[in-house]
Amino acid sequence: MEVVKGFPKDFLWGGAIAANQAEGAWNVDGKGPSMADIEILPEKYSRTSVVGFKHTKEEIEFALEDKTGYYPRRTAIDFYHTYKEDLALMKEMGFKCFRTSFNWTRIFPNGEEEEPNEAGLKFYDDLIDEMLKNDIEPVMTVSHYEMPIHLVTKYNGFLSKKVVDCFVKLCKVLFERYHDKVKYWILLNQINSLGGWGEFSSLGLLEGYTQSDVYQATHHQFVACAMATKIAHEIDPTMKIGMMLGDDTRYPRTCRAEDVFATTQVNQMFQYFYSDVMLRGVYPGYAKRYFADHDIHIEISEEDEKLLKEYTADYLSFSYYSTRVAAADPNESIDNPYLVKSIWGWATDPLGFRNSLNQYWDRYQVPMFIAENGLGALDTVEGDRVHDDYRIAYLKSHIEAMKEAIKDGVKVFGYASWGPIDIISCSQGEMSKRYGFIYVDLDDRGNGSGKRLRKARSKKDSFYWYQKVIQTNGEEL
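Residues numbered from 1 in each chain as written. Predicted model: local features only at pLDDT ≥ 70, side-chain atom pairs only at ≥ 80, totals over all residues. Heavy atoms only, no water.

Draft legend 1. Quick peek at the overall build of the chain. When its secondary structure is counted, the chain shows 15 helices and 12 strands. In terms of C-alpha radius of gyration, the chain reaches 21 Å, essentially the compact-globule figure of 23 Å for 477 residues. Looking at the chain as a whole, 59% of its 477 residues are labelled buried. For the chain, restricting intrachain contacts to residue pairs at least 6 apart in sequence, the fraction spanning at least 24 positions comes to 79%. The distance from the centre of the 56 positive side-chain charges to the centre of the 72 negative ones in the chain is 4 Å. (Helix = DSSP H or I, 4+ residues; strand = E, 2+ residues; numbered from the N terminus. Rg over C-alpha atoms; globule rule 2.2 N^0.38 Å. Buried < 20%, exposed > 50% of the residue type's maximum accessible area, 1.4 Å probe, protein only. Contact = heavy atoms within 4.5 Å. Lys, Arg positive; Asp, Glu negative; His and termini not counted. Charge placed at Lys NZ, Arg CZ, Asp CG, Glu CD.)

Written out as structure tokens, the structure is:
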């Protein structure tokens, strides 16, 4: 009996960003405002708290007219104009894949136009062609928190079936245009990332929503993804359509039966529920029980059920950063005393990565792609270099854990380190929360040259380390 010894020879090593955190150019070439473009970075904020993400129509209208506040995603790192230079640096590292997203509002500025914006599509034509020119496999996310703000204020996001139609139309345009260039697709980024901020950034819900609204909008996302998968497979059966989780596996605080079962329920409803529906094609019994116990009511038609059952995702992708703890008593401390936290409160847990990979594989038996994994840290430029041994240590331990999971029999076909180039933080809106192998000369308020020089300074120590990882297909860590 042969045991897998390491990474497959055609393993896709690479990195990932999001359009809204990198592109900038928020009102260029016909682009409309997206939900990310109204996220302000306050003058004072806490590194351990999430900025913004819950809004009223009035707050949105104010943000769109505001001339004095700093909205970091509007300029970001100007990837819209620097992508060729940035991709050249990724090629130098040896990238086999690169994950990014289409900014919905470049293609349909308010989401309801009859025809797409050709200038926006032209940018993605050029971006994808540049990836292929550099022998980098595009992994494209259709929507990564970039819904047109018009669909939020007019329809309350995915709470309306009208937004389902708009999303499916976007998918059809993209599939028809890029099916012969893009094999791997992710429809929605981290579909389970709710808990107070994803309700706006993912679902597009305005303040005042109920839990029934949250799960109705989530159901509409499920249906939209099934409809899009159907269209994709009809256009080109070779396209692989993935679903994505934000992994948030919890450990029980103690081995008390109550804590263990409470943890099971948390993991079910805030993680496995989403992948159970999108990979198994049915609503699980524990979810139906949860809805009944919490007086949550959603409308699900027979046609919806048929779509979900027939058009499941081809693979599972997920982001992994850390783990947390759950307890039966919500008032108990949920810190894990055995793990070290970053200054943003994220516990480093590489063994948890292996655990999640094994749990998903045992549950679904579908191929997996690691869509995000990385360490946000405060980097210091010393002379002409950034010595980020802490980032190397984090990534090394997680890649080792992934390798062990592959030896366990888990089928993983690719790994995208989050933020191969410094970008705007999603949850905090900072630039100083850096993930990249490539240093970008910008601070939290957008000050700096924005340049990635081809001098040593732009390449952190982790750049050369990851380059060697890729060259040796994960054998030298």
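Draft legend 2. Here's a closer look at the layout of surface pockets. Size it by volume and the second largest pocket reaches roughly 260 Å³. The set of elements that each furnish at least two residues to the lining of the second largest pocket consists of α10 (257-280) and α11 (285-293). Its residues placed into classes, the lining of the second largest pocket shows seven nonpolar, three polar and two charged. (1 Å grid on protein atoms, 1.4 Å probe; cavity = no way out; pocket = protein on both sides within 12 Å on 5 of 7 lines; lining within 4 Å. Points joined across faces, edges and corners; volume = space filled by probe spheres on them. Nonpolar A, V, L, I, M, F, W, Y, C, P; charged D, E, K, R; others polar.)

Draft legend 3. Region of the structure containing the packing of helix α3 (residues 79-93) against helix α5 (residues 118-133). At a minimum axis distance of 10 Å, the contact between α3 and α5 shows a crossing angle of 10 degrees. Judged by the inter-axis angle, α3 sits roughly parallel to α5. Residue-level inspection shows F79, Y80, Y83, K84 and L87 of α3 in contact with α5, the latter providing F123, D126, L127, E130 and M131. Per-class residue counts for the contact of α3 with α5 are seven nonpolar, no polar and three charged. (Axes fitted to C-alpha atoms, helices over the stretch in contact; angles between N-to-C directions. Parallel < 35°, antiparallel > 145°, perpendicular 65-115°, else oblique.)

Draft legend 4. Spotlight on the packing of helix α9 (residues 211-235) against α10. Contact pair α9 / α10: the axes reach a minimum separation of 10 Å and the direction vectors enclose 35 degrees. Note that α9 runs across α10; the crossing there is right-handed. Listed contacts from α10 to Y215, T218, F222 and C225 of α9 are M269, F270, F273, Y274, V277 and M278. Here the contact of α9 with α10 is composed, by residue class, of nine nonpolar, one polar and no charged. (Left-handed = near helix turned anticlockwise from the far one by under 90°.)

Draft legend 5. Quick look at α9. The terminal C-alpha atoms of α9, which comprises 25 residues, lie 36 Å apart, in line with the 36 Å expected from a rise of 1.5 Å per residue. When you tally the buried positions in α9, you get 18 out of 25 residues, the bulk of the element. (Expected span 1.5 Å × (residues − 1).)

Draft legend 6. View of the packing of aromatic side chains. This model, assessed by the stated rule, comprises 42 aromatic pairs. Consider the rings of F11 and W13, whose centres lie 4.8 Å apart with planes at 65 degrees: the pair is edge-to-face. Exposure class is identical for F11 and W13. Each is buried. Ring centres of Y320 and F353 lie 4.9 Å apart, and the angle between their planes is 20 degrees; this geometry places the pair in the stacked category. Linking Y320 in the loop between β7 (315-319) and β8 (324-326) with F353 in helix α13 (residues 350-364), this pair joins segments that are 33 residues apart in sequence. Here Y320 and F353 have matching classes, each one buried. Counting every residue linked through ring pairs, the aromatic cluster contains F79, Y80, Y83, F98, F102, F123, Y124, F175, Y178 and W185. (Phe/Tyr/Trp six-rings, centres within 6.5 Å; stacked < 30°, edge-to-face > 60°.)

Draft legend 7. Molecular detail of the environment of G281. Along the chain, the position of G281 falls in the loop between α10 and α11. Among the residues examined, G281 registers a relative accessible area of 3% and is labelled buried. For the pair G281 and S322, spaced 41 residues apart in sequence, the C-alpha to C-alpha distance is 28 Å.

Draft legend 8. Here's a closer look at the side chain of T105. By the secondary structure assignment, T105 is in helix α4 (residues 104-107). Looking at T105, its side chain comes within polar contact range of the side chain of K31, at 3.1 Å. Reaching out from T105, the side chain makes a polar contact with the side chain of N103 at a distance of 2.9 Å. Leave out the neighbours within four places in its chain, and T105 touches G30, K31, G32, P33, S34, E146, M147 and P148. (Polar contact = N/O pair within 3.5 Å; in protein donor to acceptor, adjacent residues only side chain to side chain.)

Draft legend 9. Representation of the pattern of salt bridges in the model. In this structure the tally under the stated criterion is 33 salt bridges. In this structure, R289 engages D293 in a salt bridge whose closest nitrogen and oxygen atoms are separated by 2.8 Å. Note that R289 and D293 are positioned in helix α11 at a spacing of four residues, about one turn of the helix. Among the salt bridges present, the one from K460 reaches D422, with a minimum N-O distance of 2.8 Å. (Salt bridge = Lys/Arg side-chain N within 4 Å of Asp/Glu carboxyl O.)

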